[in-house]
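Structure assessment
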Amino acid sequence: MTKVSMTVNGKAVSGEVEGRTLLAEFLRNNLHLTGTHIGCDTSQCGACTVHVNGKMVKSCAILAQEADGAEVATIEGMANDDGSLGVIQAAFQEHHGLQCGFCTPGMVMAAADLLAKNTNPSEADIRSHLDGNICRCTGYHNIVKSIQAAASALS
Ligand code: FES
Ligand code: FES
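Residues numbered from 1 in each chain as written. Chains lettered and ligands numbered in written order. Predicted model: local features only at pLDDT ≥ 70, side-chain atom pairs only at ≥ 80, totals over all residues.

1. Some details on unusual backbone geometry
Glycine aside, negative phi is the norm for most residues, and most peptide bonds take the trans geometry. One non-glycine residue, Asn 9, lies in the positive phi region at around 50 degrees. In this structure Asn 9 comes out as partly exposed when scored by C-beta crowding, with 18 C-beta atoms within 10 Å. A positive phi angle, near 55 degrees, is found at Asp 41, a position not held by glycine. With respect to the helices and strands, Asp 41 occurs in the loop between helix 1 (23–30) and strand 3 (49–52). Given 16 C-beta atoms within a 10 Å radius, Asp 41 is considered partly exposed. (Buried ≥ 20, exposed ≤ 12 C-beta atoms within 10 Å, placed from the backbone. Helix = DSSP H or I, 4+ residues; strand = E, 2+ residues; numbered from the N terminus.)

And the structure:
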């Protein structure tokens, strides 16, 4: 076992991991941040998307040890300080951007990554950015609408 330390949602954390422990597993099992979902663990579905040092990353695709010393943001960090939904989360709720919700944490983290780089994305920009995030329920239409609404709310 090896000790890893990182900052998650602004808080310093550490834990003991095996060499094979994925960042997604560390977040869920060690830190109990179960908002990060694991849908495939083979880098296909995007449900596990988080930000590592400001970049969108599939947390099943990197080892916890690779994130040692990093700044990590998860879906839990997208809420406001008082626990209410953040702007992107609220837009998903308002515009029915989810059904079962399994993909939603990854979608919200992907949306946050896009909106940090492009404050006024076109529908094509949004669909292209969500390329690595799979939703089995919504048909994507309302996810796109939610992200467009979040972009307006943030501008
Ligand atoms: S669980 Fe990471 S991409 Fe599916
Ligand atoms: S809302 Fe069910 S997988 Fe996207």
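2. Observations regarding the environment of Val 57
With respect to the helices, strands and loops of the structure, Val 57 is situated in strand 4 (residues 55–58). Residues Val 57 and Gly 97, 40 residues apart in the sequence, show an inter-C-alpha distance of 21 Å. The residues contacting Val 57, other than those within four sequence positions of it, are Val 50, His 51, Val 52 and Ile 62. (Contact = placed C-beta atoms within 7 Å.)

3. As for the packing of helix 2 (residues 87–94) against helix 5 (residues 141–154)
Packing of helix 2 against helix 5 leaves a shortest axis separation of 8 Å and a crossing angle of 135 degrees. With respect to each other, helix 2 and helix 5 are oriented oblique. Between helix 2 and helix 5 lies a crossing whose hand is right-handed. From helix 2, Val 87, Ile 88, Ala 91, Phe 92 and Glu 94 reach across to helix 5, where they touch Ser 146, Ala 149, Ala 150, Ala 153 and Leu 154. Considering only residue class, the contact of helix 2 with helix 5 consists of eight nonpolar, one polar and one charged. (Axes fitted to C-alpha atoms, helices over the stretch in contact; angles between N-to-C directions. Parallel < 35°, antiparallel > 145°, perpendicular 65-115°, else oblique. Left-handed = near helix turned anticlockwise from the far one by under 90°. Nonpolar A, V, L, I, M, F, W, Y, C, P; charged D, E, K, R; others polar.)

4. Overview of the domain arrangement of the protein
Structurally, the protein comprises domain 1 (2–76) and domain 2 (87–154). Just the C-alpha atoms count here: the centres of domain 1 and domain 2 sit 21 Å apart. Of the residues lining the interface, 13 residues belong to domain 1; the matching set on domain 2 comes to eleven residues. At three residues, the largest contribution of residues to the side of domain 1 that touches domain 2 is made by strand 3. Its residues placed into classes, the side of domain 1 that touches domain 2 shows six nonpolar, seven polar and no charged. (Domains from an automatic or database assignment.)

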